[in-house]
Amino acid sequence: MSLLKGIAEAFSLILTLDPYLTQIVLLSLQVSGLAVFFAALAGVPLGTYLGLKPQERTRFAGKLLYTLMGMPPVVAGLLFYLLFSRMGPFGVLGLLYTPTAMILAQFVLAVPIIAALTMIGIRSRGKDVQETARTLGAGRLLTAWTVVRESRFAISGAIVTGLGRVIAEVGAVMIVGGNIEGHTRVMTTAIVLETGKGNFELAVGLGLVLLIISFVINSLLYSFQGGGKEIA
Amino acid sequence: MSLLKGIAEAFSLILTLDPYLTQIVLLSLQVSGLAVFFAALAGVPLGTYLGLKPQERTRFAGKLLYTLMGMPPVVAGLLFYLLFSRMGPFGVLGLLYTPTAMILAQFVLAVPIIAALTMIGIRSRGKDVQETARTLGAGRLLTAWTVVRESRFAISGAIVTGLGRVIAEVGAVMIVGGNIEGHTRVMTTAIVLETGKGNFELAVGLGLVLLIISFVINSLLYSFQGGGKEIA
Amino acid sequence: MPDKDIILEVKNLSKVFDKEVLNIKKLSFRRGKVYGIIGPSGSGKSTFLRLVNLLELPTKGKIYFKGEDISMNGRTDIPARREMTLVFQKPLLFRTSVEENIAYGLKARRFTKEEIKARVETLLEKVGLRDFAGRHAGTLSGGEAQRVALARAVAFEPALLLMDEPTANLDPSNVELIERLIMDLNRNTDMTIVMVTHNIFQARRVAQDVIFLHEGRIVEMGATEKMFTSPQDPRTRAFVDGRMIF
Amino acid sequence: MPDKDIILEVKNLSKVFDKEVLNIKKLSFRRGKVYGIIGPSGSGKSTFLRLVNLLELPTKGKIYFKGEDISMNGRTDIPARREMTLVFQKPLLFRTSVEENIAYGLKARRFTKEEIKARVETLLEKVGLRDFAGRHAGTLSGGEAQRVALARAVAFEPALLLMDEPTANLDPSNVELIERLIMDLNRNTDMTIVMVTHNIFQARRVAQDVIFLHEGRIVEMGATEKMFTSPQDPRTRAFVDGRMIF
Amino acid sequence: SNAPVDKGEVDKVDEFIILATTTSTYDSGLLDVLLPVFSQKYGTKVRVISQGTGQALETGKRGDADLLLVHDRASELQLVEEGHFTDRQDVMFNDFIVVGPSADPAGLKGIEKVTDAFTAIAFGGHTFVSRGDDSGTNRKELSLWEKAGIGDFKDWYLSVGQGMGDTLRMAGEKQAYTLTDRATYLSLKNSLDLEIVLEGDSLLFNQYGIMAVNPANHSHVKYESAVKFIDFLMSSEGQELIAFFQIGGEGLFFPGKGVDD
Ligand SMILES: Nc1ncnc2c1ncn2[C@@H]1O[C@H](COP(=O)(O)OP(=O)(O)OP(=O)(O)O)[C@@H](O)[C@H]1O
Ligand SMILES: Nc1ncnc2c1ncn2[C@@H]1O[C@H](COP(=O)(O)OP(=O)(O)OP(=O)(O)O)[C@@H](O)[C@H]1O
Ligand SMILES: [Mg+2]
Ligand SMILES: [Mg+2]
């Protein structure tokens, strides 16, 4: 197959909404979307809390978050495999090779990313926002909300970075998801499989979709970061 | 296998420097180390150049870098597969399934990360450093060197982020490396393989090593970023 | 029962960071007056304001606001805070419109929409930013931002207005505008105003009483004119003399 | 052949950003004198200094340094730059020791190690930072940093020293120290000093000639005392009168 | 062999050759026995890429490997016919088996014909894990479903797109049935919670073939070394190594050709 011909065929697969391809893309978005949604629910408050503490007093938490942020997806996959396998402590739940297991693994990968980046974002300005809100008589809740709202660009950036990272990863979803067609097969695992099988049109088609999604995610990220800076 | 017993055996594999494990770890370090070394040679100057330009004039380059930074490793892997396969345009080089191909794929993944993060780091202070150097009579070369040296924390952070990202990725090295024992088998591909084969001690052992490496990398990153802030 | 006219009083107030940076035996502020706090860099001026506004907790000592001890138990979330405010030297404006910024404290106090609108309008007029309501705060110049911050602080008519160097680094016309605003507030409201300043001319122009801090302690205090014409403490004299080269 | 004593001269100098922010018909600076540039915010003071130091390129016009046109061809990397320097309002110190900072310009000019060591020592003494050579620049206070920046700028004895508000936001004792340094340089060297300042008192204390800028144009210029005692232009008068409230 | 080797010349020794093989041979551990002996003897290393048979055939057709060890005899012969590969030999055989949970909910243990067993699985809706990776085993499995007359796969049928080892592991985790080659099953048996529930049907015969990539299509392939490797496997030494390879006292492969065409 020539590269160009493959890309052309890939485009036609995308434009005709090939059902196999569509279904994989939707599952990817669903799994990573849910994982990141829950990760944001956990990570944003955690990052905000840490970001408002003096840096000296969160040195350990900061290091821990950074370490977890660098957790290789395959290691997270392995860990969940051992936990969820029938011989493992949570084997009875029967979660291995289900989308739930994939969501959990990606959740664990995304939480430190979102929390750490939120923490950094809040640190740059959050303390001042907090104090300003307090001088103006804001209560705890309004203060917290103001801090989050004032760092909305950084926080959006954190969430989008998390999404970009998990939607593109293959190690964890391969190990805990098992790449079951129609059930746990997502874009990345499908690309690996179809490349191996020599179905290059499909592989390239999926690659293009993934690339477009990454492009959108990173455009968002860039405008959040750029935006954050420009509006000061 | 119980999780704890597995970890104990994994430790003994690590401590006795099991040759299979050692060799895989060393190859990982070598491949990712070289990829990041060359990526730094390309990415740091590029990021510095862009960081010194007015932000308005690098909007496109910035967006492009961010997009490439989010390039999913499997997509990079697929691309290099199609290029390096014998039927592909660079097939004659015979690079598919070699460490060189893995280094190239990881290089391509690391360059945008290093360039983009360098760019951001330089932006925060580089313009002022450049002007200060120029007011003091520094020539082009000294000025450039001063800018880089003054942003050394940001740049180190960028490089280390790149290293952390590529050493943990599995999609690209699996596709272009082929996971050949003793030749292109790195930590991440080995973990996937050994998990599949049920060699959990080995999988966990490799996972631990990878985790430790990530831990070191991220501690460095944290201190670069924290350090950058504190020493101001 | 303490003097009804004393809005703020501190006793044996001490703050220790690495070392003790503030130690004030007794100091009281009367309703409706303007106070200037002067002192060299690092003398504890900002720390004092932050303690009073409960942004920091005192290491020791008591702070009475309207006769009530507001520093007790380390609790900082108490109603008295809603009756005072502090304007930082480099005020932070929220990343919203000028209007939203000024309305912030009013919303926190559940003022009605109409009331808020009316106050915002009046204040913008007063600080010379009549057409700025819809502007994004990030687009303001330094002097404009400082004026918005002041408007935001006085919008809810606090009984006590604390200001940390409100005119540092502004150009003369902005300095004049802000000083006029302060004097206006003093004339037309019952507000007690405490302002920290590096600028002794400014203290002289605006403040009725001056407190001179040095290494965390009150070196001298009293009516402004008296401090300038006949300083008692040699350090005050040195500082006041310093103006000759300023 | 231009006057040997004129170190800097600009002719028809104009800079357009979104609109024209500077437009100077003719202006010259003599060797060994101290000039003050005064004007309201946004009047183009900083822009003028940046143009002279070739950090910006003029939209139009010529800049002559020692009689040589240094603004030609848009080239900014020319030898004349090594004979002048500009100290920013908020100087940036490199993230190294104080000593390394001061030595920077000397190293760029290939001074010997011994010469560098000697000069750094003398200068540290002069700016009152004798034991600071080994200190990391990041640990300095604002006033200390400003003094190091000044030492760094004069270390290589530029023929032209441009300063952008060198004492803004410093406390009086630091202001005095820096003004003394400037007056020292004026007395003991042949350096031409151009300083931008908001502070008209400072101009009066330090500068021999004053240039008053308004909306990018020179409104008035001349000997300092004359400008203050009998300003000709109504705008100068307003500004000089403004000092009454400062 | 259609590429005569001139014994007069000094043979060029290649540093390595690339062997694309099905995951079932790879996961069984057989190559760990064969390759060192070959490398020792000829000074040529063998780099192994483990793929499904379909992928391996694709890799070979593209010239990204030098020789293949796979098990889909019909396709192999056709591709040799089409000129993609040469020097094909029937190198060894074993058989496929159906494995499943010891409880055997579909009751396969009493069934002899694999097509009946598959019918029982399908009608009972018992979970079946398919490799779904276009491997030899996968192709065999698909042909068996076809023979059983079943074309309607529902929730109970999991196509996982992975190698034999992973597929067995997944079947174990899911307590499901799957079709596997005997060698891989035996090599992983101890860490699996699966039993053989059906074996011996002649339909389950599994022939492995070895063949070289045709140098006429890809001039870069190391054809001579590939032929050496094929000759080595077909030699009495190679065939004995295959015959004596055991796990837990059981032989995994039988040398040579199993059934006449
Ligand atoms: N959070 C803190 N941790 C440690 N030391 C502090 C802290 N805040 C203030 N200090 C120290 O307390 C002392 C008084 O600081 P403060 O900011 O009150 O001085 P100031 O009078 O406002 O000075 P300036 O005129 O420079 O603003 C200084 O020595 C300062 O370094
Ligand atoms: N890079 C730039 N792009 C666009 N406009 C600029 C730029 N730099 C300066 N200006 C504009 O040029 C005008 C003059 O600016 P300049 O900084 O020279 O003023 P200044 O007299 O130094 O004021 P200040 O006293 O506030 O420092 C201002 O209106 C400013 O907004
Ligand atoms: Mg202060
Ligand atoms: Mg300026």
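The structure reproduced in this document is the subject of the present report. Per-chain numbering applies: the sequence of each chain, read as written, is numbered from 1 onward. By the order in which they are written, chains take letters starting at A while ligands take numbers starting at 1. Local features in this predicted model are restricted to residues of pLDDT 70 or higher, and side-chain atom pairs are both shown and tallied only at a pLDDT of 80 or more, whereas totals for entire chains, interfaces and linings draw on every residue. Only heavy atoms go into the side-chain values, all of them from the structure, while hydrogens and water stay out.

Attention now goes to the overall build of chain E. Put simply, DSSP marks the helices as runs of H or I at least four residues long and the strands as runs of E at least two long, and each gets a number from the N terminus on. Of regular secondary structure, chain E possesses 10 helices and 12 strands. The atom set for the radius of gyration is the C-alpha atoms, and the globule formula is 2.2 Å times the number of residues raised to the power 0.38. The C-alpha atoms of chain E give a radius of gyration of 19 Å, which matches the 18 Å a tight globule of 261 residues would have. Taken along the three principal axes of its C-alpha coordinates, chain E extends 65 × 40 × 30 Å. Each of the 261 residues in chain E was classed as buried or not, and the buried ones make up 59%. Note on definitions: a residue-residue contact is assigned when non-hydrogen atoms from the two residues lie within 4.5 Å. Taking the intrachain contacts of chain E between residues at least 6 apart in sequence as the baseline, contacts between residues at least 24 apart amount to 77%. If you sum the accessible surface of chain E, you get close to 10300 Å²; carbon and sulfur atoms cover 48% of it. Each residue is placed in one exposure class: buried if its accessible area under a 1.4 Å probe, protein chains only, is under 20% of its type's maximum, exposed if it is over 50%, and partly exposed if it falls in between. Surface accessibility in these figures is a Shrake-Rupley result with a 1.4 Å probe; residues are shielded only by whichever protein chains are displayed.

Next up on the list: the interface of chain B and chain E. At the junction of the two partners, chain B supplies 18 residues and chain E supplies 20 residues. Once two parts are brought into contact, the accessible area they lose, counted with a 1.4 Å probe and summed over both, makes up the buried area. Together, the buried faces of chain B and chain E total about 1500 Å²; carbon and sulfur atoms form 53% of this surface. Throughout this description, the term salt bridge denotes a Lys or Arg side-chain nitrogen within 4 Å of a carboxyl oxygen of Asp or Glu. Inspection of the chain B/chain E interface yields zero salt bridges. Side-chain atoms alone can form a polar contact between residues adjacent in sequence; in general such a contact is a pair of N or O atoms within 3.5 Å, and within protein one must be able to donate a hydrogen while the other accepts it. Here chain B and chain E share nine residue pairs in polar contact (both at pLDDT 80 or more) between them. It is helix 9 (residues 187–197) of chain B that contributes the most residues to the side of chain B that touches chain E, four residues altogether. Charged residues are taken to be Asp, Glu, Lys and Arg, nonpolar residues to be Ala, Val, Leu, Ile, Met, Phe, Trp, Tyr, Cys and Pro, and polar residues to be all remaining types, Gly included. A breakdown of the residues in the side of chain B that touches chain E according to their chemical character gives seven nonpolar, seven polar and four charged.

Bringing empty space enclosed by the protein into the picture now. Using protein atoms alone on a 1 Å grid, points that fit a 1.4 Å probe yet trap it form a cavity, whereas open point sets bounded by protein on both sides within 12 Å along at least five of seven lines form a pocket; residues with an atom within 4 Å of a point count as lining. Grid points are joined across faces, edges and corners, and a volume is the space filled by probe spheres set on the points. Scanning the entire structure with this criterion turns up 12 cavities of 30 Å³ or more. Of the pockets and cavities examined, the largest cavity occupies roughly 650 Å³. Forming the boundary of the largest cavity are 34 residues, of which Val192 of chain A, Met174 of chain B together with Ser50, Gln51 and Gln55 of chain E lie nearest the centre. Of all elements in the fold, only helix 9 (187–197) of chain A, helix 8 (171–177) and helix 9 of chain B together with helix 1 (23–28), strand 2 (45–51) and helix 3 (53–61) of chain E reach the threshold of two or more residues within the lining of the largest cavity. Within the lining of the largest cavity, the residues separate by chemical class into 12 nonpolar, 17 polar and five charged.

Take the site of ligand 1 next. Residues and elements named next belong to chain C. Around ligand 1 lies a shell formed by Phe17, Val21, Pro40, Ser41, Gly42, Ser43, Gly44, Lys45, Ser46, Thr47, Glu165 and His198. A distance of 3.1 Å is found between an oxygen atom of ligand 1 and a backbone nitrogen or oxygen belonging to Ser43. Computed on the free molecule, ligand 1 has an accessible area of 630 Å², of which 61% lies beneath the protein chains in the complex. Of all the elements, helix 1 (residues 45–52) adds the most residues to the shell around ligand 1, at three residues. Considered class by class, the residues forming the shell around ligand 1 number three nonpolar, seven polar and two charged. Neighbouring residues are identified by heavy atoms, a residue being near a molecule or strand if any of them is within 4 Å of it.

With that settled, the discussion passes to the interface of chain A and chain B. If you look at the interface, chain A gives 48 residues, while chain B gives 47 residues. Put simply, chain A and chain B have zero salt bridges between them. Linking chain A with chain B are two residue pairs in polar contact (both at pLDDT 80 or more). For the side of chain A that touches chain B, the secondary structure elements donating two or more residues are helix 3 (59–69), helix 4 (73–84), helix 5 (99–135), helix 8 (171–177), helix 9 and helix 10 (200–230) of chain A. Top contributing element to the side of chain A that touches chain B by residue count: helix 10 of chain A, with 16 residues. Each residue belonging to the side of chain A that touches chain B can be placed in one class, and the counts come to 28 nonpolar, 14 polar and six charged.

Let's shift gears to the packing of helix 2 (residues 30–42) of chain E against helix 9 (residues 223–234) of chain E. Residues and elements named next belong to chain E. Only the stretch in contact is used when a helix axis is fitted, and all axes are lines through C-alpha atoms; the angle between N-to-C directions ranges over 0 to 180 degrees. At their nearest, the axes of helix 2 and helix 9 sit 11 Å apart, and the two run at 120° to each other. Classified by the angle their axes make, helix 2 and helix 9 are oblique. Note on packing geometry: the crossing formed by helix 2 with helix 9 is right-handed. In this structure, helix 2 uses Leu34, Leu35, Val37, Phe38 and Tyr42 to contact helix 9, whose residues at the interface are Ser225, Lys228, Phe229, Phe232 and Leu233. Grouping the constituent residues of the contact of helix 2 with helix 9 by class yields eight nonpolar, one polar and one charged. Any angle that falls under 35 degrees is termed roughly parallel, while one over 145 is termed roughly antiparallel, one within 65 to 115 roughly perpendicular, and all others oblique. Here a crossing is taken to be left-handed if its near helix is turned anticlockwise relative to the far helix by less than a right angle, and right-handed if that turn runs clockwise.

Here we come to the site of ligand 2. Residue and element names in this part refer to chain D. In the vicinity of ligand 2, the contacting residues are Phe17, Val21, Pro40, Ser41, Gly42, Ser43, Gly44, Lys45, Ser46, Thr47, Glu165 and His198. In the environment of ligand 2, an oxygen atom lies 3.2 Å from a nitrogen or oxygen atom belonging to the backbone of Ser43. With three residues, helix 1 (residues 45–52) is the single largest residue contributor to the shell around ligand 2. Here the shell around ligand 2 is composed, by residue class, of three nonpolar, seven polar and two charged.

Packing of helix 4 of chain A against helix 9 of chain B leaves a shortest axis separation of 10 Å and a crossing angle of 20°. Judged by the angle between their axes, helix 4 of chain A and helix 9 of chain B are roughly parallel. Judged by the twist between their axes, the crossing of helix 4 of chain A over helix 9 of chain B is left-handed. Within the contact between the two elements, helix 4 of chain A uses Val74, Val75, Leu78 and Tyr81 of chain A and helix 9 of chain B uses Thr188, Ile191, Val192 and Thr195 of chain B. Of the residues that constitute the contact of helix 4 of chain A with helix 9 of chain B, the class distribution is six nonpolar, two polar and no charged.

A few words now on the sheet that holds strand 1 (residues 6–16) of chain C. Adjacent strands of a sheet form backbone hydrogen bonds with each other and so pair up, either parallel or antiparallel. Residue and element names in this part refer to chain C. Two strands are said to pair when DSSP picks up at least two bridges between them. The antiparallel open sheet is built from four strands, whose spatial order is 2-1-4-5. Pairing within the sheet leaves two strands with one partner each, and these edge strands are strand 2 (20–30) and strand 5 (68–69). With nine bridges connecting them, strand 1 and strand 2 associate as antiparallel partners. In the sheet register, Val10 faces strand 2, and the bridge partner there is Leu27.

Between all six pairs of chains that are in contact, chains A and B come out with the most contacts. The two units chain B and chain C remain apart, with a minimum C-alpha distance of 17 Å. At the level of C-alpha atoms, the two units chain D and chain E stay apart, their nearest approach being 52 Å.

Superposition of the two copies of the chain requires a rotation about an axis together with a shift along that axis. Alignment of copies: least-squares fit on C-alpha atoms of residues with pLDDT of at least 70 in both copies. Laying chain A over chain B is done by rotating through 180° and shifting 0.0 Å along the axis; what remains is an RMSD of 0.1 Å. The superposition operator between the copies reduces to a two-fold rotation axis. When the interface residues of chain A are mapped onto chain B, 98% of them are again interface residues, pointing to one common binding face.

As a further point, take the nonpolar core. Here, nonpolar core means buried Ala, Val, Leu, Ile, Met, Phe, Trp, Tyr and Cys residues that are tied together by side-chain atoms lying within 4.5 Å of each other. Judged by nonpolar contacts, the single largest core of 315 residues is most densely connected at Leu161 of chain C, Leu161 of chain D together with Phe229 of chain E. If sequence neighbours within four positions are ignored, Phe229 of chain E has contacts with Ile17, Leu19, Leu35, Phe38, Val46, Leu67 and Ile210 of chain E.

So, about the pattern of salt bridges. Per the counting criterion, the structure on display carries 48 salt bridges over all chains. In this structure, Glu115 of chain D engages Arg119 of chain D in a salt bridge whose closest nitrogen and oxygen atoms are separated by 2.9 Å. Pair noted here: Glu115 of chain D and Arg119 of chain D are both in helix 3 (residues 113–126), with a separation of four residues, about one helical turn. Owing to a relative accessible area of 34%, Glu115 of chain D belongs among the partly exposed residues under this scheme. Residue classification places Arg119 of chain D among the buried positions, given a relative accessible area of 18%. For Arg62 of chain E, the salt bridge is made with Asp64 of chain E, and the minimal N-O distance between the two is 3.7 Å. Salt bridges linked by common partners bring Arg73, Glu76, Arg88 and Asp90 of chain E together as one network.

This next bit is on the packing of aromatic side chains. Each Phe, Tyr or Trp ring, with Trp reduced to its six-membered ring, pairs with another whose centre is within 6.5 Å; inter-plane angles below 30 degrees give stacked pairs, above 60 give edge-to-face pairs, and intermediate values give tilted ones. All told, the structure shown has 31 aromatic pairs over all chains when counted by the stated rule. Ring geometry for Tyr81 of chain A versus Phe200 of chain B: centroids 5.6 Å apart, planes at 35°, classification tilted. Of this pair, Tyr81 of chain A sits in helix 4 while Phe200 of chain B sits in helix 10 (residues 200–231), placing the two residues on different chains. Residue Tyr81 of chain A shares its accessibility class with Phe200 of chain B, and that shared class is buried. Taking the centre distance of 6.0 Å and the plane angle of 35° together, the rings of Phe29 of chain D and Phe48 of chain D count as tilted. One end of the pair, Phe29 of chain D, is in strand 2 (residues 20–30); the other, Phe48 of chain D, is in helix 1, and 19 residues separate them in sequence. Per residue, the accessibility class of Phe29 of chain D equals that of Phe48 of chain D, and both read buried. Through successive ring pairs, a cluster of aromatic residues spans Phe118, Phe128, Trp145, Phe153, Trp156 and Tyr157 of chain E. A ring is scored as having a charge over it whenever the NZ atom of a lysine or the CZ atom of an arginine sits within 6 Å of its centre and within 35 degrees of its normal. Over the aromatic face of Phe94 of chain C sits the side chain of Arg152 of chain C, whose NZ or CZ is 5.1 Å from the ring centroid.

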